[in-house]
Structure formats: C-alpha cells, structure tokens
Amino acid sequence: MFGLDRQTRDNIWTLIAAPTIWALHFLLAYGVAAVQCAPNQAIFETITATRWMIAGITVVALALIGLIFLRAYREWKGHGSGTVNDQDTDVARESFLEFSTVLLAGLSFVSVIFVALPALFIADCR
C-alpha cells in the first residue's frame, strides 16, 4: 500500500549493532564486578546483589541481540536465504548484509553468555 516497503534498509549500523551490545555488556558486567570487588568501593553489601545486577544486564543484552537476530533472519529468509552473493544488485547486497548480521548476532549472543558465566560460578572476590 502506498508503495512502502516493510523491510528495513540494512547498512553498517545494523551490521554492528549486536557486537556493540556485546561490547557494552562486557564493559558494564566487568566494570560492576571490578567496582564491587575493589577495596572500600563496594556498591552493594553482598556479592549476590552484584551477581543479580550482572544477570539483569545479561538478560537485557540477550533480548536486544535476539531481536536483532530475528529481524535480520526474517528479512534474509524473505530474500531467498542465499549464502552466495555473486551479483552486483541491491537485493544481493541487502541479502549479504542480512546474512552477516545473522551470523554476528549469533556470535554476539554466545559471547554475552560467556561473559556472564563468571558471575554465575564465582561466589566471591578472591
């Protein structure tokens, strides 16, 4: 209707959104842990509150990366879900960016989980 395309135009910003969220998660999670474990600088009374804060940051990061993954996957499937892009067309470039975004979002999702694992297994600051 009205000639509007429901699909987004992928560019470098959509490609790097998921790794950027992972990097921010990494910075926040390890920053919170470092401040909590620094002598006389603790934010919370116990390490448990810090672990819950890291869990919350992790859930938000995973949700955002999951949304990016689903959007890119849906659009990539809509373009035929090909992995070979040897044509010089707008659709081929769009498909390449969508597939690359799917791969980077998957990698970023796993990376966020690995960054959060120490908060799950380490019970104190020693």
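Our subject is the structure listed above.
Since we're looking at a predicted model, the values are computed, not measured.

1. Things to note about the state of the cysteines
Two cysteines form a disulfide when their sulfur atoms are joined by a covalent bond. What the rule picks out here adds up to one disulfide. Across the disulfide from cysteine 37 sits cysteine 125; the S-S distance is 1.9 Å. Where cysteine 37 bonds to cysteine 125 through sulfur, the torsion about that S-S bond is close to -65 degrees, and the disulfide is left-handed. On the criterion of sequence distance, the pair formed by cysteine 37 in helix H1 (residues 12–37) and cysteine 125 in the segment after helix H3 (90–121) is long-range, its members being 88 residues apart. Residue class for cysteine 37 comes out partly exposed when judged on its relative accessible area of 34%. Note on cysteine 125: relative accessible area 42%, which makes it partly exposed.

2. Looking at the environment of threonine 46
Inspection of the secondary structure assignment puts threonine 46 in the loop between H1 and helix H2 (47–78). Residue classification places threonine 46 among the partly exposed positions, given a relative accessible area of 42%. For the pair formed by threonine 46 and aspartate 124, sequence separation is 78 residues and the distance between their alpha carbons is 9.0 Å.

3. With respect to a nonpolar patch on the surface
Judged by side-chain polarity, Phe109, Val110, Ile113 and Phe114 come together as a nonpolar surface patch covering roughly 360 Å² of accessible area. With relative accessibility at 33%, the residue phenylalanine 109 sits in the partly exposed group.

4. A few points about the environment of alanine 119
Topologically, alanine 119 is positioned in helix H3. Look at alanine 119 and you get buried, because its relative accessible area is 17%. Distance from alanine 119 to methionine 53, taken between C-alpha atoms, is 9.7 Å for residues 66 residues apart in sequence. Those residues in contact with alanine 119 that lie beyond four places of it in its chain are Arg51 and Ile54.

5. Some thoughts on the packing of aromatic side chains
What the rule picks out here adds up to five aromatic pairs. Both rings, one in tryptophan 22 and one in phenylalanine 26, keep their centres 6.0 Å apart while their planes meet at 55 degrees; by these two values the pair is tilted. Placement of both tryptophan 22 and phenylalanine 26 in helix H1 is noted, with a separation of four residues, approximately one turn of the helix. Since its relative accessible area comes to 38%, phenylalanine 26 is described here as partly exposed. Through successive ring pairs, a cluster of aromatic residues spans Phe69, Tyr73, Trp76 and Phe99.

Conventions adopted
- The residue count restarts for each chain, going from 1 along the sequence in the order it is written.
- Only residues with pLDDT of 70 or above have their local features reported here, since the model is predicted, and side-chain atom pairs are shown and tallied only from 80 upward, although totals for entire chains, interfaces and linings are computed over all residues.
- Values shown for side chains rest on all heavy atoms present in the structure; no hydrogens or waters enter the calculation.
- Any two cysteine sulfur atoms lying within 2.5 Å of each other are counted as a disulfide.
- A run of DSSP states H or I qualifies as a helix once it reaches four residues; a run of E qualifies as a strand once it reaches two. Both are numbered from the N-terminal end.
- Between buried and exposed lies partly exposed: a residue is buried under 20% and exposed over 50% of the maximum accessible area for its type, with that area taken using a 1.4 Å probe on protein chains only.
- Residues forming no salt bridge and having over 30% relative accessible area are the ones grouped into patches, like charges within 9 Å of each other and nonpolar side chains (Val, Leu, Ile, Met, Phe, Trp, Tyr) within 5 Å.
- Using a 1.4 Å probe, the Shrake-Rupley method yields the accessible areas, and only the shown protein chains count as cover for residues.
- Think of a salt bridge as a Lys or Arg side-chain nitrogen and an Asp or Glu carboxyl oxygen that are within 4 Å of each other.
- In what follows, a contact means two residues having at least one pair of non-hydrogen atoms within 4.5 Å.
- Put simply, two rings from Phe, Tyr or Trp (the six-membered ring, in Trp's case) pair if the centres are within 6.5 Å, and we call them stacked under 30 degrees between planes, edge-to-face over 60, tilted for the rest.

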